[in-house]
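# Tertiary structure, described
One-letter residues, chain by chain:
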Amino acid sequence: SLSEKNKAAVKALWSKIGKSSDAIGNDALSRMIVVYPQTKTYFSHWPEVTPGSPHIKAHGKKVMGGIALAVTKIDDLKTGLSELSEQHAYKLRVDPANFKTLNHCILVVISTMFPKEFTPEAHVSLDKFLSGVALALADRYR
C-alpha cells in the first residue's frame, strides 16, 4: 500500500510531468503495441494500430486522463476508479494483466522523458501507485 511519503512523491512527480501526459500516453501505448504485440487485439476495431496513429494518440490521452484522475483519488483508488473498473471489466473486457504491461511502459516512458524528475524515490512511489491503480481497475473482475 502507499505510504504518505509515496503519495506525496507521486503528487510531486505528477505536478512536474502532468502537462506532458498526452505525449506520455501516446509513447507508452505506442511502446506497448510494439513490445507486446498481443495487446493489439484490443484495438482491432481501429482502422490503424500503429505507433503514434491518431487512435493511439487519442487512447493514450484517455489512459493518462485516468491516471490523472487516480492521482486525485490516491487516498481511495478502489472507490475512485470504480467506474473505470466496471467499464474495463464488462464493456471493454480487457485482460487485467494488460494493466501491468501498460504500467511498465508508462514507467519506461516517464523515465526517458523526465530523467531528472524520475529519481529512485519517485520510481518506487510511482511503481507502487500504478500497481494500486491496476488493482483498483481489476476490482470488478472478481
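Just so it is clear, the structure is predicted and the values come from calculations on it, not from any experiment.

## A closer look at the pattern of salt bridges
On inspection of all chains with the given rule, the structure shows four salt bridges. Residues E86 and R140 are paired through a salt bridge, measuring 3.3 Å at the closest nitrogen-oxygen approach. In this pair, E86 is assigned in helix α5 (residues 82-91) and R140 in the segment after α7 (120-137), connecting sequence segments 54 residues apart. Under the relative-accessibility criterion, E86 is labelled partly exposed at 39%. Judged by relative accessible area, R140 falls into the partly exposed class, the value being 28%.

## Considering the UniProt feature "modified residue: N-acetylserine" in the protein chain
The UniProt record annotates "modified residue: N-acetylserine" at S1. Examined against the element boundaries, S1 turns out to sit in the segment before α1 (4-17). Apart from the residues within four sequence positions on either side, S1 is in contact with N6 and K128.

## Some points on the packing of helix α3 (residues 54-72) against α7
Between α3 and α7, whose axes approach to 11 Å, the crossing angle comes to 105°. Considered as vectors, α3 and α7 are oriented roughly perpendicular to each other. Taken together, the residues of α7 that come into contact with α3 (itself represented by I67, A70 and V71) are F129, L130 and V133. By residue class, the composition of the contact of α3 with α7 is six nonpolar, no polar and no charged.

## Details of the UniProt feature "binding site: O2" in the protein chain
Under the feature "binding site: O2", the UniProt entry names H59. For H59, the position within the fold is in helix α3. Non-local contacts of H59, meaning those with residues more than four positions away in its chain, are made with L29, F43 and W46.

## A look at the side chain of S53
With respect to the helices and strands, the residue S53 is situated in the loop between α2 (21-35) and α3. A polar side-chain atom of S53 sits 3.4 Å from the main-chain carbonyl oxygen of E48.

## Quick word on the environment of A68
Position of A68 relative to the elements: it lies in helix α3. When the C-alpha atoms of A68 and V94 are compared, they prove to be 20 Å apart, with 26 residues separating the residues in sequence.

## Quick look at the packing of α1 against α3
Contact pair α1 / α3: the axes reach a minimum separation of 10 Å and the direction vectors enclose 135°. Classified by the interaxial angle, the pair formed by α1 and α3 is oblique. Like other packed secondary-structure pairs, α1 and α3 cross with a definite hand, here left-handed. Residues V10, K11 and W14 of α1 touch α3, and the partners they reach there are M64, I67, A68 and V71.

Parameters at a glance
- Starting from 1, residues in each chain are numbered consecutively following that chain's sequence as written.
- The predicted origin of the model limits local features to residues at a pLDDT of at least 70 and limits the giving and counting of side-chain atom pairs to 80 or more, whereas totals for whole chains, interfaces and linings rest on all residues.
- For side-chain calculations, the full set of non-hydrogen atoms in the structure is used, while hydrogens and water are omitted.
- For salt bridges, the criterion is a side-chain nitrogen of Lys or Arg within 4 Å of an Asp or Glu carboxyl oxygen.
- Each helix corresponds to a stretch of at least 4 residues labelled H or I by DSSP, and each strand to a stretch of at least 2 residues labelled E; elements are numbered beginning at the N terminus.
- The buried label goes to any residue with under 20% of its type's maximum accessible area, the exposed label to any with over 50%, and the partly exposed label to all in between, with areas taken from a 1.4 Å probe on protein chains only.
- UniProt positions are given in the numbering used here, feature names are shortened, and annotations may be inferred rather than shown by experiment.
- Whether two residues are in contact is decided by their heavy atoms, any of which lying within 4.5 Å being enough.
- An axis is simply a line fitted to the C-alpha atoms; with a helix, the fit covers only the stretch in contact. Between two such axes, the angle follows the N-to-C directions and lies from 0 to 180 degrees.
- Note on angle classes: values under 35 degrees are labelled roughly parallel, values over 145 roughly antiparallel, values of 65 to 115 roughly perpendicular, and the remainder oblique.
- Gly is placed with the polar residues, together with every amino acid not listed as nonpolar (Ala, Val, Leu, Ile, Met, Phe, Trp, Tyr, Cys and Pro) or charged (Asp, Glu, Lys and Arg).
- Throughout this description, a polar contact denotes any pair of N or O atoms lying within 3.5 Å of each other; where both atoms belong to protein, one of them has to be capable of donating a hydrogen while the other can accept it, and for residues adjacent in sequence the pair is counted only when both atoms sit in side chains.
- Crossings are sorted by hand: turned counterclockwise from the far helix by less than a right angle, the near helix makes the crossing left-handed, and turned clockwise it makes it right-handed.

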